[in-house]
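Chain and residue survey
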Amino acid sequence: MKTSTFFILIGFLLLAPSSSTAEILRDKDCGSCHRLSVAETEKNFAAPDLHFAGDKFQPAWLKQFLKNPAVIRPAVTVIDTPPRPPVTVADANTAVVTAAGFLRERSGNSPPHPSFSEQDASALADGLMGLKISAPPRESTVAAPLSKRQRAKIKYKFERTFSCISCHQSLNLAGKVRGGISGPSLVNAGNRLRADWIVSWLKTPEAYAAKSRMPRYEMDSVTRNQFSQFLMTLKKENVK
Amino acid sequence: MKTSVTNMKKSCGNLFAAITALAVLAWGIGCGQSREEQATAPPPAQQEAEKVRPRKLESARVTENTRQTYQWYCAQCHGAEGKGDGVNAKFLTVPPRDHTKVAYLETRTDAQLFDAIKFGGLAVGRAPCMPAWGHTLDDDAIRSLVQYIRELCQCEAL
């Protein structure tokens, strides 16, 4: 009897952290905005998918964000039907699907995200870091720091060859924020994202998102690694 | 002797100045064009349209899927109604094209619009802000987007 009570107690203690994460996720209704499971494919979510949070984020950043949230993507998705020309009868035969969801600029007073206490943020960050998908094997990433010249060349490619700056905020050579707002800001990507995840995302975006607004590119491994290295240099402490 | 060397230097200097002046004049006028020809030259967009090898684009239908595709991808910069006022518009160094503007779109052939979507702005001599969608959308989808742009501008290539 004593032995079984001991094992029940141990089992409870082992399960406690994950149930606490589950409670917070439920209490805060996180699932209404974020996809938390790869199986949830029917709905358009307004906030980023979190079912691969452990693959994507740096744990220290995630915890800090949950305590003091900041805007990551300046545009918000409105899950609604945008204004459009009338649909003809012929169109009805090839009809689609779900409403695309259009984008508008975030209003100044809308809170970026609920904030959590130190304890809850830790529990939640730990739980979210456990959410991973069986993604394709990761390429080895290059961690060597970039010279000023290398960085300038990659920045040129990032902005002009691949047009990333049209949808993502980045930092110019003077340390000023510039770029479009429909994609997540990359101003703090060096603290927020994992270098190997960036490479993996650029190689196989479909492994993470069924449908993204970002163009798909067939870039070579060298370019993927260069972009990952470049993004790792973008940190909010470098904003001037 | 000294005087003749100085005179030679002077005449070389005059010759150099004359050549430079001619070069500046030629550059100012343009590559073999007179000022009158320049003044009546067509706008750059039209000139480029004329240079492009004529290529007929297969016709495509605009379906609800085309509109959804436009809303999902293109509206980020070009706006939900194609007026060039998407959420990214005011942050771009070159404003996104207004797809309701007849004056410009009449000067573009369907093949040029197709190439701009498939290969990106830089590849067709336009702004690098426009990315290449050739690995995201297939040729049929791009052809139907070209037709949708024609619907938005209510115009055809001249």
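Moving on, we come to the confidence of the model for chain A. All names here are of chain A. The predicted model of chain A has a mean per-residue pLDDT of 81, with 78% of residues at 70 or higher. Least confident of the elements in chain A is helix H4 (residues 89–93), whose mean pLDDT is 39; most confident is helix H7 (residues 189–192), at 97. Scored below 50 in pLDDT, residues 9–18 makes zero contacts in the model with residues more than four places away or belonging to other chains. Ignoring residues within four places in sequence, the model shows residues 81–99, a span with pLDDT below 50, making 30 contacts including any to other chains.

Enumeration over the complete set of coordinates arrives at one disulfide over all chains. A sulfur-sulfur distance of 2.1 Å marks the disulfide that ties Cys153 of chain B to Cys155 of chain B. Judged by the sign of its S-S torsion, about -85°, the bond between Cys153 of chain B and Cys155 of chain B is left-handed. Each member of the pair, Cys153 of chain B as well as Cys155 of chain B, carries the same accessibility label: buried. Cys30 of chain A supplies the cysteine sulfur nearest to Cys33 of chain A, a cysteine that is in no disulfide, at a spacing of 8.5 Å. The structure places no disulfide on Cys129 of chain B, whose sulfur is separated from the nearest cysteine sulfur, that of Cys77 of chain B, by 8.0 Å.

For the rest of this paragraph, the subject is the pattern of salt bridges. All names here are of chain A. Going through the model one piece at a time under the given rule, you end up with eleven salt bridges over all chains. We note a salt bridge from Glu118 to Lys63, for which the minimum N-O separation is 2.9 Å. One end of the pair, Glu118, is in helix H5 (residues 118–129); the other, Lys63, is in helix H3 (residues 59–67), with 55 residues separating them in the sequence. Classification of Glu118 as partly exposed rests on a relative accessible area of 42%. For the salt bridge of Glu159 with Lys155, the shortest nitrogen-to-oxygen distance reads 3.0 Å. With Glu159 and Lys155 both in helix H6 (residues 148–161) and four residues apart, this pair spans about one turn of that helix.

Of all hydrophobic cores here, the largest spans 40 residues; its most connected members are Phe57, Leu62, Leu66, Leu128, Phe227 and Leu231 of chain A. Among the secondary structure elements, those contributing two or more residues to this core are helix H1 (2–27), H3, H5, H6, helix H8 (195–203) and helix H9 (221–232) of chain A. The leading source of residues in this core is H5 of chain A, at five residues. When neighbours within four sequence positions are excluded, Leu231 of chain A is seen to be in contact with Phe158, Leu186, Ala189, Gly190 and Ile198 of chain A. Counting 21 residues, the second-largest nonpolar core is a separate cluster that includes Tyr70, Leu137, Ile149 and Cys153 of chain B.

All names here are of chain A. Relative to the helices and strands, Ser117 resides in the loop between strand S2 (102–105) and H5. A relative accessible area of 40% places Ser117 in the partly exposed class. Separated by 49 residues in sequence, Ser117 and Asn68 have C-alpha atoms that sit 9.4 Å apart. At 3.2 Å, the side chain of Ser117 and the backbone nitrogen of Asp120 are in polar contact.

About the thresholds
- Residues numbered from 1 in each chain as written.
- Chains lettered and ligands numbered in written order.
- Predicted model: local features only at pLDDT ≥ 70, side-chain atom pairs only at ≥ 80, totals over all residues.
- Heavy atoms only, no water.
- pLDDT = per-residue confidence, 0-100.
- Helix = DSSP H or I, 4+ residues; strand = E, 2+ residues; numbered from the N terminus.
- Contact = heavy atoms within 4.5 Å.
- Disulfide = S-S within 2.5 Å.
- Buried < 20%, exposed > 50% of the residue type's maximum accessible area, 1.4 Å probe, protein only.
- Salt bridge = Lys/Arg side-chain N within 4 Å of Asp/Glu carboxyl O.
- Core = buried A, V, L, I, M, F, W, Y, C linked by side-chain atoms within 4.5 Å.
- Polar contact = N/O pair within 3.5 Å; in protein donor to acceptor, adjacent residues only side chain to side chain.

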